[in-house]
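# Chains, contacts and geometry: an overview
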Amino acid sequence: MTTDLHGPLSAYAARLHATVGDRHHVASPLGAWLLLAVCATAPVDSNPADSNTAAEDTAAEGPSADGPAAEDLAHALGTDLADAAEVARALLDAPHPLVRSATALWCRAGRGDGGSAAWRAALPRTTDVGELPDQTGLDAWAREHTDGLINTFPLKVSPNVVFALASALATRVSWATPFDVADARALGAGSPWARGLRRALRSPSHGHRCAIVSTERLGDVIVHAAPAQTTDGAGLVVLSVAADPQVPPNEVLAVAYDLSVGAADGAQPAGARSLFELPLGDAPLWTVREDRVRTRARDGREERHTAVLPCWSAHSQHDLTAPALGFKAASTTLAGRLHLPIETFDARQVAMARFGRYGFEAAAVTGMFGLTSLPPEGVARTAELRFGHPYAVVAVATDNRPDGVTGPWHGVPVFSAWVTEPEELPEADAADL
């Protein structure tokens, strides 16, 4: 990949979480970012030597190829469109063993042209492309690609939806070393949770990583990292970061994204403080005590950390239509690729997560609809005709010949009847009703 995703994704996450505010929630900024990046896909130039053909193909893509929408989309992605699309292909076409991922692009039958062959060839190979499903089909797609963690698609399909783009991410992992169980009072005398819970989680004596970290942005914060069991060398680390309770959530989230650099490598966070630099006793976020122990530390000073956390779960739905999140630009860009006129759009994400003693699971489905207006309202009348008494039947022949000449049988009544004795539908004919 030519683009380091961490910077653009951190900036996007800050904007997404800011739209949610300080309520309890879970989200997948990556799921939303990937959906935007798929919209950034540019057509493949199948014949670079033919510059005229390439220029014509690009021009045929309409307003998606350049202009304000493309600039707004690049701004939302935090990088240029070509690099974003390359990152999306790299992630989606080589999925992580512990993170299920999927994208899909659906168009309503008979609307638009589905985009040029060159553009479709540039999409991630794993992106499903096809006809817009009904609501049942959309919900089934969400269930299938989140391993049943999310049962419903975040948007409701209607007749004015002309295209839909979706992404799904899901993980269900077990900790490499499970948590121990602690009395919830260990969360601290000042914790409101300590009074409402009976039990909490305590990090085990080995296998998890904990630190007190000095940051430029927030001063001292506390960090806990729980690694999941690996599969074929691939793993997942869940990082928890806490700051002073008065710090706004978006600030703590931003620092957590900063500290996640290197977490996958097991690196100690930059700024980790030595416990021998801190005073003994209680602080708002920790307690430091000193004991006489047998130790093999070279200087005779050993540092140990433990962390106490609550179990938690969250189910959230997010409106992604705020301009800063880029979906307005993405819908305009995609409409140009598909040669579909749209009048408005909708974009939402549904997400869930569960953090417990033995593992972690999370999923998110992000959806975007391009919508056009329905025909003007008018009046429709429907007549139901009832043949409930004796009636006539005439069977008339047709006789149109291949050479365009009308044959002699054309228009000739062959059979006629007067129906006065109706019969019950045979059971065999009713079997498939």
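How each quantity is defined
- Residues numbered from 1 in each chain as written.
- Predicted model: local features only at pLDDT ≥ 70, side-chain atom pairs only at ≥ 80, totals over all residues.
- Heavy atoms only, no water.
- Helix = DSSP H or I, 4+ residues; strand = E, 2+ residues; numbered from the N terminus.
- Buried < 20%, exposed > 50% of the residue type's maximum accessible area, 1.4 Å probe, protein only.
- Contact = heavy atoms within 4.5 Å.
- Areas by Shrake-Rupley, 256 points an atom, 1.4 Å probe, with all protein chains shown as cover.
- Pairing = 2+ DSSP bridges.
- Axes fitted to C-alpha atoms, helices over the stretch in contact; angles between N-to-C directions.
- Expected span 1.5 Å × (residues − 1).
- Phe/Tyr/Trp six-rings, centres within 6.5 Å; stacked < 30°, edge-to-face > 60°.
- Lys NZ or Arg CZ within 6 Å of the ring centre and 35° of its normal.
- Parallel < 35°, antiparallel > 145°, perpendicular 65-115°, else oblique.
- Left-handed = near helix turned anticlockwise from the far one by under 90°.
- Nonpolar A, V, L, I, M, F, W, Y, C, P; charged D, E, K, R; others polar.
- Salt bridge = Lys/Arg side-chain N within 4 Å of Asp/Glu carboxyl O.

## Quick word on the overall build of the protein
The secondary structure content of the protein amounts to eleven helices and 16 strands. Buried positions account for 39% of the 433 residues belonging to the protein. Considering only contacts within the protein whose residues lie at least 6 apart along the sequence, 71% involve residues at least 24 apart. For the protein, the accessible surface area stands at approximately 24,800 Å², while carbon and sulfur atoms represent 52% of it.

## Some details on the environment of serine 313
As for its position among the elements, serine 313 is in strand 12 (residues 312–319). When the C-alpha atoms of serine 313 and valine 26 are compared, they prove to be 8.6 Å apart, with 287 residues separating the residues in sequence. In contact with serine 313, other than residues within four places in its own chain, are His24, Ala353 and Arg354.

## Structural notes on the sheet that holds strand 7 (residues 219–227)
Pairing within the open sheet is antiparallel, and its three strands lie in the order 6-7-8. Looking at strand neighbours, the two that pair on one side only are strand 6 (209–215) and strand 8 (237–242), the edges of this open sheet. Here the average twist between neighbouring strands, direction ignored, is 25°. Here strand 7 runs beside strand 8; their pairing, made up of six bridges, is antiparallel. Bridging across to strand 8, histidine 224 finds its partner in serine 240. The strands that helix 9 (residues 249–259) touches are strand 6, strand 7 and strand 8; relative to strand 8, the one it contacts most, it runs at about 140°.

## A word on helix 10 (residues 327–338)
The terminal C-alpha atoms of helix 10, which comprises twelve residues, lie 16 Å apart, in line with the 16 Å expected from a rise of 1.5 Å per residue. Burial of helix 10 is extensive: ten of the twelve residues sit out of reach of the surface. For helix 10, every residue scored as buried is listed here: Phe327, Ala329, Ala330, Ser331, Thr333, Leu334, Ala335, Gly336, Arg337 and Leu338. Count one or two residues on from helix 10 and you reach histidine 339, which has phi positive near 55°.

## Brief notes about helix 1 (residues 6–20)
Compared with an ideal rise of 1.5 Å per residue, which puts 15 residues at 21 Å, helix 1 spans 21 Å between its outermost C-alpha atoms and is within 8% of the ideal. Buried residues of helix 1: Pro8, Leu9, Ser10, Tyr12, Ala13, Leu16, His17 and Val20, and no others.

## Structural notes on the sheet that holds strand 13 (residues 344–355)
The mixed open sheet is built from six strands, whose spatial order is 2-1-3-14-13-12. Across the chains shown, the open sheet's two edge strands, defined by having one partner strand only, are strand 2 (128–131) and strand 12. Strand-to-strand twist of the sheet, defined as the mean angle between neighbouring strand axes without regard to direction, takes the value 10°. As defined by bridge partners, strand 1 (residues 100–107) adjoins strand 2 across four bridges and the pair is classed as parallel. The residue of strand 2 that forms the bridge with leucine 105 is valine 129.

## Here we look at the packing of aromatic side chains
For the structure on display, the rule yields ten aromatic pairs. For the ring pair tryptophan 106 and tryptophan 141, a centre distance of 5.4 Å and an interplane angle of 90° mean the geometry is edge-to-face. Of this pair, tryptophan 106 sits in strand 1 while tryptophan 141 sits in helix 7 (residues 135–145), placing them 35 residues apart in sequence. Neither residue differs from the other here; tryptophan 106 and tryptophan 141 are each classed as buried. In this structure an aromatic cluster arises from ring pairing among Trp175, Phe179, Trp312, Phe355 and Phe360. Above the ring of phenylalanine 276, the side-chain terminus of arginine 301 is found at 4.3 Å from the ring centroid.

## A word on the packing of helix 1 against helix 9
For the pair helix 1 and helix 9, interaxial distance at closest approach is 10 Å and the crossing angle is 160°. Considered as vectors, helix 1 and helix 9 are oriented roughly antiparallel to each other. The hand of the helix 1/helix 9 crossing is right-handed. Across the interface between the two elements, His6, Leu9, Ser10, Ala13 and His17 from helix 1 touch Leu253, Tyr257 and Asp258 from helix 9. Split by residue class, the contact of helix 1 with helix 9 holds four nonpolar, three polar and one charged.

## A short note on the pairing of strand 14 (residues 359–371)
For strand 14, the tally of buried residues reaches 13 of 13 residues, placing the bulk of the element in the interior. Side chains of strand 14 alternate between two faces, with Gly359, Glu361, Ala363, Val365, Gly367, Phe369 and Leu371 and Phe360, Ala362, Ala364, Thr366, Met368 and Gly370 buried alike. Relative to strand 14, strand 3 (residues 161–174) runs antiparallel, the two sharing 13 bridges. Within the sheet, the bridge partner assigned to leucine 169 lies in strand 14 and is alanine 364. Taking the residues between adjacent antiparallel strands as the criterion, strand 13 and strand 14 are bridged by three residues.

## So, the environment of alanine 90
The residue alanine 90 is located in helix 5 (residues 81–93) in this model. Taking the C-alpha atoms as reference, alanine 90 lies 8.1 Å from proline 124; in sequence the two are 34 residues apart.

## Regarding the pattern of salt bridges
In the structure shown here, the tally under the stated rule is 13 salt bridges. Note that aspartate 147 and arginine 172 form a salt bridge whose closest N and O atoms lie 2.5 Å from each other. In this pair, aspartate 147 sits in the loop between helix 7 and strand 3 while arginine 172 sits in strand 3, placing the two residues 25 residues apart along the sequence. Judged by relative accessible area, which is 41%, aspartate 147 ranks as partly exposed. A salt bridge links arginine 172 to glutamate 361, with the shortest nitrogen-to-oxygen separation between them at 2.9 Å. Here the residue arginine 172 occupies a position in strand 3, and glutamate 361 occupies one in strand 14, the gap between them amounting to 189 residues. Take arginine 172: its relative accessible area is 44%, and that puts it in the partly exposed class.

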